[in-house]
Amino acid sequence: MSDLQSKYSILAQEYSKLRAQNQVLKKAVVDEQTSSNLLKDELKQKEQSLRKVHQEMDSLSFRNQQLTKRVELLQEELVTSENKYKRSKNKGDSPSQMNLQTQSVFDEDLQKKIQENERLHIQFYEADEQYRRQEVQMKAQLHQLEEESEQHQAVVDALTNKYTETIEKLQSDKAHLEVKVQTLDREAKDCRIRTEECQQQLRKYHTELSGQLKHSSSVIQEKVPFNDTQRSDYNSLNVPIHNRRHQLKARDVSAQALGFVQCLVSALLNFHSYTEQRVHIYPLDSSIEAISPVNQKFSQYLHENASYLRPLEEELLHLHDGITEDAITVLETVRKLQDFSTSFTAYSTFLQKILPYQLTSLEEECNAPLCTSALKAKNREIQNDMKRLTAVFDKLKSYVGLLAVPSLRLDAMCQSSANAVFTQLSAGLHGLHDVTRELSKHYSQKVCVEQDLPSVTQKFRTTNECLLSSLASLTNSCSKITTFFSNNLDFFASCPGYSPRGCCVNPLQADSMIANKRHASRYMSVIRKERSESVPYREALSNRHILTSSTESREGLMQQVLQTQEKISRLEQEKEHWLLEAQLGQVRLEKENQRMAQLEAQVAGAGGQSHSSAESSDEAQTDSTELLQDTSVVGMVTITSCSDSAEDQESRERLIKTHYLNRVSELTAQLQMCDSKAVHFHAECRAVSRRLSIAEKCREALVEELKLANTNITRLQDELSTTKRSYEDQLSMMSDHLCSMNDTLSKQREEIDTLKLNSKGNSKKNKGR
């Protein structure tokens, strides 16, 4: 079955390759057909233009004939006119003026016709020459297109014959495989019948063993008082013995491996980059002319090498960071090894993807006109080296993937299998070192041969030198990695002893076991800490009573705060009232001082001028009736000395004062309400912010739980796929085993039959005697 499947897979791969090539050739044929159609259209257009030129030539020739006839007629008329002239001259008559004018008109007309005839002859000659040139050019193009179409048709016929042969071959192989599949189906049915019989026997044995298990479990429950390793699921969560020396050695080894892998990644990056630069220079310089489509695609793929090589370094760095002194480092707990295996698989796939383009690029170098036989031989050697390098990386990918399997499922690999994988991995690294050394040697020989070529530029030499230096660093890195792995092979194959009692480390519960270990270490550190001084019981009780009393008196304090706020508002109103009263008293005092100053001035004037007392009394009356102005807080107020005006002024100021006092009291009440609302809103905002922070924490916790659930789902899906694969492998192994058993049984039956026949023959011989 394995040989048939491998042959069928090889045939399918060849069929897919041929199908892809067929599609490319179909596309090329379609392109050539379109180009031939375009050329045919151009040929039709040229033929149409040629017909137009022929028509013009016919019209010109017809016009030329008409002109020649016209010229002949004119010449005949000229001859007749000359004859008439001679006759008239012979008769002795003098030429009239009319004959002279007609003669001059005929001469001018004849001259014009001659010039036109000459111009038409020149145009006819030029058109004839152009027609001949176009005809020759079109015939050459037609011949070339016919040759190209014949070539393309021959290629298409050859490819169709080849593909029909391959299709017939594949169909015959398919028929053979179908016959084999039918035979295998019959054998599978027989195997199913036998497996049913085996399952019946298994059920029988299971019932017997279950009875024995019940008996043994009852004995254990009665005789054994306590067994902490009874459940393997719970026992796998126990913290194993810690090996600090092994952890330090593992961290040191991972650090060394990280450095070597970084050197290897940098060397591979340089190798791919300089290979891309060489493709742009040789065999065609991209700065002068366009390189081939294969080299363009190869250069595009080589430009993506960093996206495949950088993850190798990053994943190994994460693996090194995960190996700490307090961790447990075995194959079952190193989850980051699976990520490194994925990145390594991606790079191996990248090498397999660029291998055909690299081989085709080397073939193009061999097909170059300046390529010698020695250079072709070196290119063949480099092609073989690149194939070996890709195969070695593919092999290493398989071994790294096998080492990453124990971190996904339990009982995936025993210690002996792991030792075998490490040994094979060391052999694969030795093979990688040998391949890189051979590749570097062949490249250096090739560069030495290319130095003698006449078309070698300085840029090409510099690129070759950089490429050789990158190969030298790659060989050096592979040598270091090989030596490092060989020296530490015993450490990799050794068993650190990380396992609970009576079972092995479960990779599905490794995280929980490590969390239990950290929890235990934190618990021990907390136990070893010195306890802080505690508060005495009586003091704590009194503090509790104080706290309860303070909470009970909270409402009373709130009421007191409200009462004090009301008192403060009332006192502020009174303060505003007394401030206005003080301003009014100040205004009255200033008014009285002015009146006193006026009276003193009047008394001094009355002592100096007694004769004008009446006048002074009149002036005093007029002065008393003068208007006074004063500016207060309320506004501009006009004051008179009359008793009626003073009363009006006081009533007016009183009304203004009461109005503004009411307004101020309203504004203070509104301000207090706004303050109380702002305090209330501030408290609500603080509460809402607390709720928001709590909600954010809950959301983060739920997001973490969702991530854990998604990881568990993916892990369970991976586990399911691996279990399915293992069951399928076991079924295939059982079917193979059953087939082998059938073969042995048939052989034994044949031997028994032959023995029976021999015994019968011997008995007959004995009877005859």
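Structure: see above.
Throughout this document, residue positions are counted from 1 along each chain, in the order its sequence is written. The predicted origin of the model limits local features to residues at a pLDDT of at least 70 and limits the giving and counting of side-chain atom pairs to 80 or more, whereas totals for whole chains, interfaces and linings rest on all residues. Hydrogen atoms and water are omitted, and side-chain values are computed over all heavy atoms in the structure.

Novice: Quick question: what am I supposed to make of the overall build of the chain here?
Specialist: Every helix listed is a DSSP run of H or I at least four residues long, and every strand listed is a run of E at least two residues long, numbered separately from the N terminus. Counting its secondary structure elements, the chain contains 16 helices and 2 strands. Taking all 769 residues of the chain together, the buried fraction comes to 23%. The contact criterion used is simple: two residues touch if any of their non-hydrogen atoms lie within 4.5 Å. Restricting the contact set of the chain to residue pairs at least 6 apart, pairs at least 24 apart contribute 83%. Summed over its atoms, the accessible surface of the chain is roughly 54,400 Å², and 55% of this surface lies on carbon and sulfur atoms. Exposed residues in this analysis have more than 50% of their type's maximum accessible area, buried residues have under 20%, and partly exposed residues fall in between, with area computed by a 1.4 Å probe over protein chains only. Only the protein chains shown count as covering a residue, and every accessible area follows the Shrake-Rupley method with a 1.4 Å probe.

Novice: Help me understand the pattern of salt bridges in this model?
Specialist: For side chains of opposite charge, pairing can occur when their charged atoms come near one another. For this analysis, a salt bridge means a side-chain nitrogen from Lys or Arg found within 4 Å of a carboxyl oxygen belonging to Asp or Glu. One pass over the full model with this rule turns up 16 salt bridges. Across the pair Glu592 and Arg595 runs a salt bridge whose closest N-O atoms are separated by 3.9 Å. Here Glu592 pairs with Arg595, and both are found in helix H14 (residues 554–608), just 3 residues apart, close to one helical turn. The exposure class of Glu592 is partly exposed, given its relative accessible area of 39%. Given the relative accessible area of 44%, Arg595 is considered partly exposed. The partner of Glu696 in a salt bridge is Arg699, with the nearest N and O atoms 3.0 Å apart. Taken together, the residues span about one helical turn, with Glu696 and Arg699 both in helix H16 (residues 643–768) at a distance of 3 residues. Judged by its relative accessible area of 33%, Glu696 is partly exposed.

Novice: Help me understand the nonpolar core, please; the structure alone is not making it clear to me.
Specialist: Soluble globular proteins tend to pack their nonpolar side chains together in the buried interior. Side-chain atoms within 4.5 Å link the members of a nonpolar core, which is a set of buried Ala, Val, Leu, Ile, Met, Phe, Trp, Tyr and Cys residues. Ranked by size, the top nonpolar core spans 54 residues in total, and within it Tyr347, Phe393 and Leu439 carry the most contacts. If you list the elements that add at least two residues to this core, you get helix H4 (244–281), helix H5 (293–302), helix H6 (306–322), helix H7 (336–366), helix H8 (373–404), helix H9 (415–450) and helix H10 (458–487). Discounting chain neighbours no more than four positions away, the residues touching Tyr347 are Leu268, His272, Tyr308, Leu309, Leu312 and Phe393.

Novice: Would you mind going over empty space enclosed by the protein with me for this structure?
Specialist: Taking a probe equal in size to a water molecule and rolling it over the atoms shows the remaining empty space. Cavity and pocket criteria rest on a 1 Å grid covering protein atoms alone: a 1.4 Å probe that fits but cannot get out defines a cavity, protein on both sides within 12 Å along at least 5 of 7 lines defines an open pocket, and an atom within 4 Å of a point defines a lining residue. Grid points are joined across faces, edges and corners, and a volume is the space filled by probe spheres set on the points. Counted under the stated rule, the structure contains 6 cavities of 30 Å³ or more. Computed from the structure, the second largest cavity encloses a volume of approximately 80 Å³. Lining the second largest cavity are Thr275, Arg278, Val279, Phe298, Gln358, Ser361, Leu362, Glu365, Tyr443 and Lys446. Among the elements that take part in the lining of the second largest cavity, H7 stands out by supplying 4 residues, more than any other. Asp, Glu, Lys and Arg are counted as charged, while Ala, Val, Leu, Ile, Met, Phe, Trp, Tyr, Cys and Pro are counted as nonpolar; the rest, among them Gly, fall into the polar class. Its residues assigned to classes, the lining of the second largest cavity comprises 4 nonpolar, 3 polar and 3 charged.

Novice: Could you clarify how one ought to interpret the state of the cysteines in this entry?
Specialist: Disulfide assignment relies on a single distance test, namely cysteine sulfur atoms paired within 2.5 Å. All chains considered together, the criterion is met by 0 disulfides. The thiol of Cys366 is not disulfide-bonded; the next cysteine sulfur, from Cys371, is found 4.9 Å away. By relative accessible area, Cys366 is classed as buried at 2%.

Novice: Honestly, the packing of aromatic side chains in this entry has me stumped. Any pointers?
Specialist: Two measures describe an aromatic ring pair: the distance that separates the ring centres and the angle between the ring planes. A pair of aromatic rings is counted whenever rings of Phe, Tyr or Trp (Trp by its six-membered ring) have centres within 6.5 Å, and the orientation is called stacked for planes under 30 degrees apart, edge-to-face for over 60 and tilted otherwise. Tallied over the entire structure, the rule returns 8 aromatic pairs. Measuring from centroid to centroid gives 6.2 Å for Phe340 and Phe344, while their planes differ by 35°, and the two rings are tilted. Of this pair, Phe340 and Phe344 both sit in helix H7, 4 residues apart, which is roughly one turn of that helix. The exposure class assigned to Phe344 is buried, which follows from its relative accessible area of 10%.

Novice: Looking at this structure, how should I read the packing of H7 against H8?
Specialist: In helix packing, the relevant descriptors are the interaxial angle and the interaxial distance, both defined with respect to the helix axes. Where H7 meets H8, the axes come as close as 9 Å, and the angle between the chain directions of the two elements is 165°. By the criterion of interaxial angle, the relationship of H7 to H8 is roughly antiparallel. The chirality of how H7 crosses H8 is left-handed. Within the contact of H7 with H8, the residues separate by chemical class into 16 nonpolar, 10 polar and 7 charged. Every axis in this analysis is a line fitted to C-alpha atoms, fitted for helices over the stretch in contact. Angles between the N-to-C directions lie between 0 and 180 degrees. Throughout, the term roughly parallel applies to angles under 35 degrees, roughly antiparallel to angles over 145, roughly perpendicular to angles from 65 to 115, and oblique to all others. Two helices crossing with the near one rotated counterclockwise from the far one by less than a right angle form a left-handed crossing, whereas a clockwise rotation gives a right-handed crossing.

Novice: Sorry if this is basic, but what is going on with the side chain of Thr436 here?
Specialist: On the secondary structure map, Thr436 appears in helix H9. Exposure remark for Thr436: the relative accessible area of 1% places this residue in the buried category. Pairing of N or O atoms within 3.5 Å defines a polar contact, subject to two protein rules: one partner must be a possible hydrogen donor and the other a possible acceptor, and residues neighboring in sequence count only if both atoms are side-chain atoms. A polar side-chain atom of Thr436 sits 2.8 Å from the main-chain carbonyl oxygen of His433.

Novice: Would you mind showing me how to read the packing of H4 against H10 here?
Specialist: The geometry of H4 relative to H10 is characterised by a closest axis approach of 8 Å and an angle of 155° between their N-to-C directions. Overall, the two elements H4 and H10 adopt an arrangement that is roughly antiparallel. The handedness of the crossing between H4 and H10 is left-handed. Partitioned by chemical class, the residues of the contact of H4 with H10 number 18 nonpolar, 9 polar and 3 charged.

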